[in-house]
Amino acid sequence: MTARILAASAPGEIRIAVTDAAGLRDYALWRPGWPDGVGDLHRGRAGARLTAMGGTFVDLADGASGFLPDSATPGPLAEGDPVLVRIVRAPQDGKGARLTATGLALPEGQSPSGPPALLARGPTPLDTLAAAWPDAPIVIDDAALAARLPAGLRGRVRRERHAFDAETEAACAALAEPSVALPGGLRATVTPTPALVAIDMDGGTASSDRRAKQTAQFAANRDALPALLHQIRLRNLSGAIVIDVAGLAIRKRPALRETIEAALAQDPLRPRFLGFSALGLAEIMRPRIRPPLHALLSDAPGQMLRMLDAWARQVTGQPGRAPALRVGTDLARTLDHDPGAIADTAQLSGHQPAWRLDPSLSPLSWTLDHV
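Per chain, residue numbering runs from 1 following the sequence as it is written. Whole-chain, interface and lining totals are the exception, using all residues; otherwise, since this is a predicted model, local features are given only for residues with pLDDT of at least 70 and side-chain atom pairs are given and counted only at 80 or more. Heavy atoms from the whole structure form the basis of all side-chain values; hydrogens and water molecules are not counted.

In this section: the sheet that holds strand β1 (residues 4-10). Pairing is mixed across the open sheet formed by 5 strands, whose spatial order is β3-β2-β1-β10-β11. The sheet terminates laterally at β3 (23-30) and β11 (157-159), the two strands that pair on one side only. The sheet shows a mean angle of 25° between the axes of neighbouring strands, direction not considered. Should any heavy atoms of two residues lie within 4.5 Å, those residues are considered in contact. Axis angles are defined between N-to-C directions and span 0 to 180 degrees, where every axis is a line fitted to C-alpha atoms and, for a helix, only to the segment in contact. Each helix is a run of H or I in the DSSP string that is no shorter than four residues. Each strand is a run of E no shorter than two, and both are numbered from the N terminus. Along the sheet, helix α1 (residues 125-132) makes contact with β1, β2 (13-20), β3 and β10 (138-140), crossing β3 at roughly 150°. For two strands to be treated as a pair, DSSP must find at least two bridges joining them.

If you want it as structure tokens, here you go:
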């Protein structure tokens, strides 16, 4: 089966899966109401240069800011200078966007001077995957999505009732879980922290293998690691990643280098394998560009979109007035910020969602209001 790009619409969000005969090859979330900014072109205003950090903070449109390293600056900047910049890394983990000012051209009709302004949007996650898989047809399940696509992609689009089949739904849902089933009965647990992502592999059927224990453990890890490293790509885990392989003696772990490097070479972000630490942990550095999946699912927009999707599934096809929502403070703010998600919910469910703030709920909690 040739690769296909499947775009499943939900309120305020499009889930994008690339599949072929081997299964799930790529995955991303696209939230039109909450763009991550990657690739956006801004006219910014330079702030003070911070010598200790080797760069300059730059004011962007709508009160945002980003960090411009000296290595990505074509020349010296004085505080207050206008500067043309592009976002190359989305804000993540409390840190602002990373910027570059090299190799950029001002769009026609735009002035190089003036207040901070967004001049051009960068590619969406769907644009990025469509470029990475140029021969893959794009399957959508919502006609309204076609209008959001660039003209150059519309010839690749076809519509089906459901973009995801049951197997794709299950594979994508599993990406939200910390536990990962691996070949050979092994299992891994993914634990993101502010400093790094820790992954622990646990032995499975290798424990009952009749070969010598270390021979069996090496073979089990060798066979399971490619699938685990593919999960890193699907979940968009990034930054420092450490892996504790299953059961193998520390002195034997360097023999897994070739397996790890071969698997990482399939990742378009080209992660670097840094070797094994003194504790026997495999160390990987994967570039941070777009936010990882676990962050998108757990932040306030992610919780708000999960709520709207659950509400829409419950009320679709029901006659009469749909129950309203009672929401916490953070959900109320995100609902006010994303009218597009509200419109999507009404279009997909046939009911106009209504909500009211309930300060007694925790900030990201919600419940149905049947009154």
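Before going further, it helps to examine the pattern of salt bridges. Any carboxyl oxygen of Asp or Glu that lies within 4 Å of a side-chain nitrogen of Lys or Arg is treated as forming a salt bridge with it. Summed over the entire model, instances satisfying the criterion amount to 20 salt bridges. Ionic pairing is found between Asp20 and Arg25, a salt bridge with its closest N-O pair at 2.4 Å. Taking the shortest distance from any N to any O, the salt bridge between Asp358 and Arg326 comes out at 2.4 Å. With Asp358 in the loop between β19 (355-357) and β20 (366-369) and Arg326 in strand β18 (residues 324-327), the pair connects residues that are 32 residues apart, well separated along the chain. Salt bridges linked by common partners bring Glu13, Arg31, Asp299 and Arg306 together as one network.

Stacked, tilted and edge-to-face are the three classes assigned to paired rings of Phe, Tyr and Trp, where Trp is represented by its six-membered ring and a pair needs centres within 6.5 Å; plane angles under 30 degrees give stacked, over 60 edge-to-face, the rest tilted. Within the structure shown, the criterion is met by 2 aromatic pairs. Here the aromatic rings of Phe57 and Phe67 are separated by 5.3 Å at their centres, their planes lie at 65°, and the arrangement is edge-to-face. One end of the pair, Phe57, is in strand β5 (residues 55-59); the other, Phe67, is in strand β6 (residues 65-69), with 10 residues separating them in the sequence. The classification of residues rests on relative accessible area computed with a 1.4 Å probe and restricted to protein chains. Under 20% of the type maximum is buried, over 50% is exposed, and intermediate values are partly exposed. According to the relative accessible area criterion, Phe57 is partly exposed, its value standing at 34%.

Taken residue by residue, helix α5 (residues 257-264) has Thr259, Ile260, Ala263 and Leu264 as its buried positions. The buried residues of α5 occupy an angular sector of 125° when the element is viewed end-on, so they sit on one face. Along the arc lie the directions from the helix axis toward the C-beta atoms.

A few words on the domain arrangement of the protein chain. If you check the domain split of the protein chain, you get domain 1 (4-35 + 124-169), domain 2 (40-119), domain 3 (177-286) and domain 4 (299-368). One C-alpha centre belongs to domain 2, the other to domain 4, and the line joining them spans 36 Å. Where each domain starts and ends comes from a domain assignment, either automatic or drawn from a database.

With that settled, the discussion passes to the environment of Ala130. Topologically, Ala130 is positioned in helix α1. Owing to a relative accessible area of 2%, Ala130 belongs among the buried residues under this scheme. For Ala130 and Arg4, which are 126 residues apart along the polypeptide, the C-alpha to C-alpha distance reads 9.7 Å. Excluding residues within four positions of it along the chain, Ala130 makes contact with Ile5, Ile138, Leu153 and Arg156.

For the rest of this paragraph, the subject is the side chain of Thr334. Mapping Thr334 onto the fold places it in helix α8 (residues 329-337). Classification of Thr334 as buried rests on a relative accessible area of 6%. Between N or O atoms, a polar contact is any pair within 3.5 Å; within protein, one atom must be a potential hydrogen donor and the other a potential acceptor, and residues adjacent in sequence are included only when both atoms are from side chains. A polar contact of 2.9 Å, which involves the side chain of Thr334, links it to the backbone oxygen of Leu331. The residues contacting Thr334, other than those within four sequence positions of it, are Trp34, Ala300, Pro301 and Met304.

The next subject is the sheet that holds β20. If you walk across this open sheet you meet the 3 strands as β19-β18-β20, and the pairing is mixed. On the outer flanks of this sheet lie β19 and β20, each paired with one strand and no other. Sheet twist, expressed as the mean angle between neighbouring strand axes with direction ignored, is 30°. Where β18 lies against β20, 4 bridges are found, and the strand directions are antiparallel.

The next thing to look at is unusual backbone geometry. Here Asn236, not a glycine, exhibits a phi torsion of approximately 55°, which is positive. A positive phi is found at Arg270, a non-glycine position, where the angle reads about 50°. Along the chain, Arg270 turns up in the loop between α5 and β16 (272-276). Judged by its relative accessible area of 53%, Arg270 falls in the exposed class.

Now for the pairing of β2. Within β2, 8 of the 8 residues are buried, which leaves it mostly tucked inside the rest of the structure. Burial of β2 is two-sided: the residues Glu13, Arg15, Ala17 and Thr19 facing one way and the residues Ile14, Ile16, Val18 and Asp20 facing the other way are all buried. Two elements, β1 and β2, share 7 bridges in a ladder whose sense is antiparallel. Considered in β2, the bridge of Arg4 is made with Thr19. Counting the residues that bridge the hairpin from β1 to β2 gives 2 residues, and of these Gly12 lies at a positive phi of roughly 70°. For β2 and β3, the ladder comprises 7 bridges, and the chain directions are antiparallel. In the strand pairing of β3, Ile16 is matched with Ala28. What sits between the antiparallel neighbours β2 and β3 is a turn of 2 residues.

The next thing to look at is the packing of helix α4 (residues 213-234) against α5. Contact pair α4 / α5: the axes reach a minimum separation of 9 Å and the direction vectors enclose 25°. Here α4 is positioned roughly parallel relative to α5, judged by the angle of their axes. Helix-helix and strand crossings are classified by hand; for α4 and α5 the assignment is right-handed. Taken together, the residues of α5 that come into contact with α4 (itself represented by Arg222, Leu225, Pro226 and Leu229) are Thr259, Ile260, Ala263 and Leu264. Orientation labels follow simple angle bins: below 35 degrees gives roughly parallel, above 145 gives roughly antiparallel, 65 to 115 gives roughly perpendicular, and whatever is left gives oblique. Crossing handedness: left-handed means the near helix sits turned counterclockwise from the far one by under a right angle, and right-handed means the same turn made clockwise.

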